[in-house]
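Notes for the structure review
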Amino acid sequence: QMDILVGLTETFATNPENALASANIIGFLLADGSAVVSGVTESGGTATTVTFADTTKSTLADDTFVTLGFKATKGTSTDTVRFYINRQEVGASQTNIPTANLKLAVMSLSGDASGTKVTTLDYVMAAQDRAVSYE
């Protein structure tokens, strides 16, 4: 019963749910009522959801740490975001790759008014090469 977003977003103000309303996102999304994380690339308010074929990697479990990662590459012909779970590539998107100035963001929002919901975060890291295209 949680909404979770881990990645880059254009909007991340006072309320964590503002990250979900951003028109430009790259990251991992867990929707309330699901245990399966998906990838998302969104540009100008148009989103592409990347459903990972191997649900053994993309299904989250209580009290279990996972490593989420992605690599966004600006290409000479096609921009690509590759998604990784526990350091294994699980999917990619070449659609709706944002060019906006994005910020590192992590948000967790309880979808249930009762009980205690806890999201534990070990660390977050981001790096960027500016104005670089890769073959």
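Just so it is clear, the structure is predicted and the values come from calculations on it, not from any experiment.

1. Brief notes about the packing of aromatic side chains
- A complete count under the given rule lists four aromatic pairs for this structure.
- Between Phe 52 and Phe 83, the aromatic rings sit 5.8 Å apart at their centres with planes inclined by 55°, giving tilted as the arrangement. In this pair, Phe 52 is assigned in the loop between β4 (46-50) and α1 (55-58) and Phe 83 in strand β6 (residues 80-85), connecting sequence segments 31 residues apart. Of the two residues, Phe 52 and Phe 83, neither departs from the other in class, the shared state being buried.
- Geometrically, the ring pair formed by Phe 70 and Phe 83 is tilted, given 6.4 Å between the ring centres and 50° between the ring planes. With Phe 70 in strand β5 (residues 68-73) and Phe 83 in strand β6, this residue pair connects regions lying 13 residues apart in the sequence.
- Of the residues examined, Phe 83 reaches a relative accessible area of 0% and is grouped as buried.
- Members of the aromatic cluster, joined through ring pairs, are Phe 28, Phe 52, Phe 70 and Phe 83.

2. Concerning unusual backbone geometry
- Even without being glycine, Asn 86 reaches a positive phi, approximately 50°.
- Relative to the assigned elements, Asn 86 resides in the loop between β6 and β7 (88-93).
- Looking at Asn 86, the relative accessible area reads 39%, which means it is partly exposed.
- In this structure, Arg 87 is a non-glycine residue whose phi angle is positive, near 65°.
- The residue Arg 87 is located in the loop between β6 and β7 in this model.
- Judged by relative accessible area, Arg 87 falls into the exposed class, the value being 63%.

Definitions and cut-offs
- Numbers given for residues are sequential positions, taken from 1 along each chain in its written order.
- Restriction of local features to residues with pLDDT of at least 70 applies here, the model being predicted, together with a cutoff of 80 or more for giving and counting side-chain atom pairs; totals for whole chains, interfaces and linings are based on all residues.
- To obtain the side-chain values, all non-hydrogen atoms of the structure were included, while hydrogens and water were left out.
- Stacked, tilted and edge-to-face are the three classes applied to pairs of Phe, Tyr and Trp rings, where Trp contributes its six-membered ring and a pair requires centres within 6.5 Å; stacked means planes under 30 degrees apart, edge-to-face means over 60, and tilted covers the rest.
- To qualify as a helix, a DSSP run of H or I must reach at least 4 residues; to qualify as a strand, a run of E must reach at least 2; elements of each kind are numbered from the N terminus.
- A simple rule labels every residue: compare its accessible area, found with a 1.4 Å probe on the protein chains alone, to the largest value its type can have, and call it buried under 20%, exposed over 50%, or partly exposed in between.

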